[in-house]
Amino acid sequence: MNFKKLIITTIIIASQLAMVIPVSAEEAVKQDPVSVVGQQSSVTSNNLGANDAATPNSDTTNSGQEGQATNDDSTDQNTSVTGENGKTEGTGDNNGAEEGQTEQPTGTDEGQDVDGTNPSTTDPATTTGNNANTNAANAGAGQLVLMMNSNKMYQNGKEYIAGYPMEVKDGVSYVSIRAIVERAGLQLSFDNSTKETIISRGSDELRFKLNTTNYRVNGVVTTMKGKSYSAKNNFMVPLTAITKALGIQYSVDNVGKRVILNLSTKPVASFSIGNKEVIAGETDVQYLTNSYSPNGLQIINEEWTGRQDKFMDPGAYTVTYRVQDSNGQWSDPFSLTIHVGKPHTPPLANFMTDKDTYKMGELITYTDLSSDEVGIKEVVWENNERAFFTPGQMTIRLKVVNVFGLSSTVERTITITNETLYNRDDFNKLFTPIGEKYAFDGTSVPSWERVNYSISSDPVTLIRSNSPETVYSEGRVYKETASGAIRFMVHHVNATGKNMKMYVVATNKNETTTRLTQTSLGFGGPSQYATAAGKVSVERYYKSLQSGAQYKDVWIAPGESKVIMTELNATTMKQGDVISLFADMNSDQELEFNVIMIDPNKDPLAIAQSLSLPNLKEDVHNRGTYEDSTRYLQYSDLVGTTRQRLLIGDNSNDPFQVGYDGITNAYKLNAGNFGVLYKVKLYRVAPNTLITFNPRGGRYSGSIMVNGDIVQLSTGGSLSAPNDANVLFRTGDREQTVEFVFTAAPGSNLSVNLLLQPLPEVKQ
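Just so we're clear, the structure is a prediction, and the values are computed from it rather than from any experiment.

1. Comments concerning the side chain of Ser 228
And step 1. For Ser 228, the location among the structural elements is in the loop between strand S10 (220-223) and strand S11 (229-231).
And step 2. Polar contacts involving the side chain of Ser 228 include one to the main-chain amide nitrogen of Asn 211, which spans 3.0 Å.
And step 3. Residues contacting Ser 228, with those up to four places away along its chain left out, are Lys 209, Leu 210, Asn 211, Thr 212, Phe 235, Met 236 and Val 237.

So this is what it looks like as structure tokens:
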């Protein structure tokens, strides 16, 4: 009797040990899975997430055993990895949990899937019948079946035992990392430096840490549906963290109490088209393939169906692609429909003139009637003069180009008779558009009557930083202390041979906070052309006067320095770059201003007042501080009945400013009055008066405001002295007041004239 008890006791102990020791996923049970499952009739019938915590599952170890507390630092969260020396680097799934610790499963409502939501898919072929155990074994090829609340798994007709059951915690289904890795053909490793368990498949990499809700997918931090944990030395993570990251499809069979993972090892083929559009007979099709093996095998072969490098006819074409891996497996076919458009047609160039026959000096009106199915990109006229001044047949051509580079040209011939309507000079005065120039004999302009305007000014301090205009080394280009209304003109070229930045640093040396108000600003550059930077800065300055969009307050505490007018330093200046700036400021206390050009990696606040920063010597250009820098030129008598001129920046009617150098205190004369803002008001301009802009000192490129509108000087390029006239304004049939706002554009030349003269009589 005692001998029988001993045998029974030995059998019981052996069976308990077999239940406790995890069976590696490498150790498949060799019996037929259907018969095995048929014998193991005690599999729980709870749905996924509905584990009854009060009744331990018969396929698990005793989860009610009390264990020691978890210590995340106790074991370095090691995972079994074989190193190059053949020794084991780690201890299985011992991820920081003391052996014996148990996480009690938490039940959820029946019918939930692995995400804790209602299942979206089931396997109808295996949800009939009452034998859940039989259903568990009915796994198709390439499938892994995980039994709910069980440590049993089924793959390719064999049963495997996981180290710990799939269980539900807070509505989320958890699985042992090792169990999934071994059955899914994934790679497992451990990073000792970051304490991360790594799952890899080909180029995909998942990194998990213990007791966290985040993991990294190919370097990107991603949130999991629950927190990872350790259970009996098994690293447990939400199942969906793995399936989502690796694109593993799964379905939930609530009747059969199982989750079915699709672990197909077939390679995956896909491709896309690199062309924005495919045109019949024109486009060389770019096929961009993107194929891989889930097991990381090499793709050794590919097969195309329907592929053409160039489709000759419009229509929809289906192209199919598949690949083969080094194991000989072919992927499922991947198909893409390519829509081939009809060939592009050139645009249709077309225009009309308002007549076929014109007198010499008669205005010709051209109407562009060109069209294109997509859009015209470029329009090129040839010989489309506003009027012709010699008789004969005149041919006008128009070429249009569409966005595809296709073009067409049309030409029309008109007849010019021997009869004259206007001579060239009268025609230009009447019909040259505002903002465009015409040529005339400017040598006679000095003989025109001067408009003897009155001059007044506003107390605005001009800080002109324009010398050395070409800067060859880093340093301080100007320095000044000022308060009240202040205007800055900054214009410099980087010739240091390396990248530089320009700054204006304002320093408050008062005992109270200073308020610095910026009212307007215009910045141009960096540009390789001084005239271009100067023209843009003036135009933007005018726009800020119109809109007030550049208004801002800067508060500077006692002893504090701040970089102001940050447009200057927003972009690094390369070798040869030019910057140009105009700005109006108002300060309620004195501030010290340092204009510096330094290496872009240096701190301007630290270096602005440094004694080691050299004061750069001026060149032939002008710098200085000048007072009364807003000038009002006004004239109240009638003008425009005869030829008259209004001179600006001539040092006679408009004298140059006298000032000093803020660095050397030397006497300075502002030749040309660059930086001065002129506000010109002619109270009485006669009816039918033409007003033009005529440079006298050299080439000019800029703009001017006329009655609040910005007029280019000129739209067709720059103006040449003295024979270019740029049309600014024409009065109508009654007397008008005309106002101008003007400041000289850096890079251009003064002096300039505003010319007023009667318009020719209009003829029919």
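Having seen it, we continue.
2. Some words on the confidence of the model for the chain
And step 1. In the predicted model, the chain carries a mean pLDDT of 84, and the fraction of residues at 70 or more is 82%.
And step 2. Every residue in residues 3-113 is under pLDDT 50, and counting partners more than four places away or in other chains gives 206 contacts.
And step 3. For residues 115-139, every residue scores under 50 in pLDDT, and the model assigns this stretch 51 contacts once sequence neighbours within four places are set aside.

3. Notes on unusual backbone geometry
And step 1. In this structure, Ser 714 follows Leu 713 across a cis peptide bond, with omega equal to -5°.
And step 2. Mapped onto the secondary structure, Ser 714 falls in the loop between strand S46 (709-713) and strand S47 (724-730).
And step 3. Note the cis peptide between Ala 721 and Pro 722, where omega equals 0°.
And step 4. Position of Pro 722 among the secondary structure elements: in the loop between S46 and S47.
And step 5. One non-glycine residue, Asn 218, lies in positive phi territory at about 50°.
And step 6. Here Asn 218 lies in the loop between strand S9 (214-217) and S10.
And step 7. Exposure remark for Asn 218: the relative accessible area of 41% places this residue in the partly exposed category.
And step 8. Here the phi dihedral of Asn 651 falls at roughly 65°; this positive angle occurs in a residue that is not glycine.

4. Notes on the nonpolar core
And step 1. Within the largest apolar cluster, 42 residues are counted, with the highest numbers of intra-cluster contacts made by Leu 646, Phe 693, Tyr 700, Ile 704, Leu 728, Phe 740 and Phe 742.
And step 2. For this core, the element with the most residues is strand S43 (residues 677-685), which contributes 5 residues.
And step 3. Look past the residues within four positions of Leu 646 in its chain and what remains in contact with it is Val 451, Tyr 453, Leu 633, Val 680, Leu 682, Val 752, Asn 753 and Leu 754.

5. A look at the packing of aromatic side chains
And step 1. A complete count under the given rule lists 22 aromatic pairs for this structure.
And step 2. With centroids separated by 5.3 Å and ring planes inclined at 65°, the aromatic side chains of Tyr 287 and Trp 304 adopt a geometry described as edge-to-face. Of the two residues, Tyr 287 is situated in strand S17 (residues 287-289) and Trp 304 in strand S18 (residues 299-305); the sequence distance between them amounts to 17 residues.
And step 3. A network of ring pairs unites the aromatic residues Phe 271, Tyr 287, Trp 304, Tyr 321 and Phe 334 as a single cluster.
And step 4. Seen from the ring of Trp 304, Arg 307 lies directly overhead, with NZ or CZ sitting 4.7 Å from the centre.

Calculation criteria
- Residues numbered from 1 in each chain as written.
- Predicted model: local features only at pLDDT ≥ 70, side-chain atom pairs only at ≥ 80, totals over all residues.
- Heavy atoms only, no water.
- Helix = DSSP H or I, 4+ residues; strand = E, 2+ residues; numbered from the N terminus.
- Polar contact = N/O pair within 3.5 Å; in protein donor to acceptor, adjacent residues only side chain to side chain.
- Contact = heavy atoms within 4.5 Å.
- pLDDT = per-residue confidence, 0-100.
- Buried < 20%, exposed > 50% of the residue type's maximum accessible area, 1.4 Å probe, protein only.
- Core = buried A, V, L, I, M, F, W, Y, C linked by side-chain atoms within 4.5 Å.
- Phe/Tyr/Trp six-rings, centres within 6.5 Å; stacked < 30°, edge-to-face > 60°.
- Lys NZ or Arg CZ within 6 Å of the ring centre and 35° of its normal.

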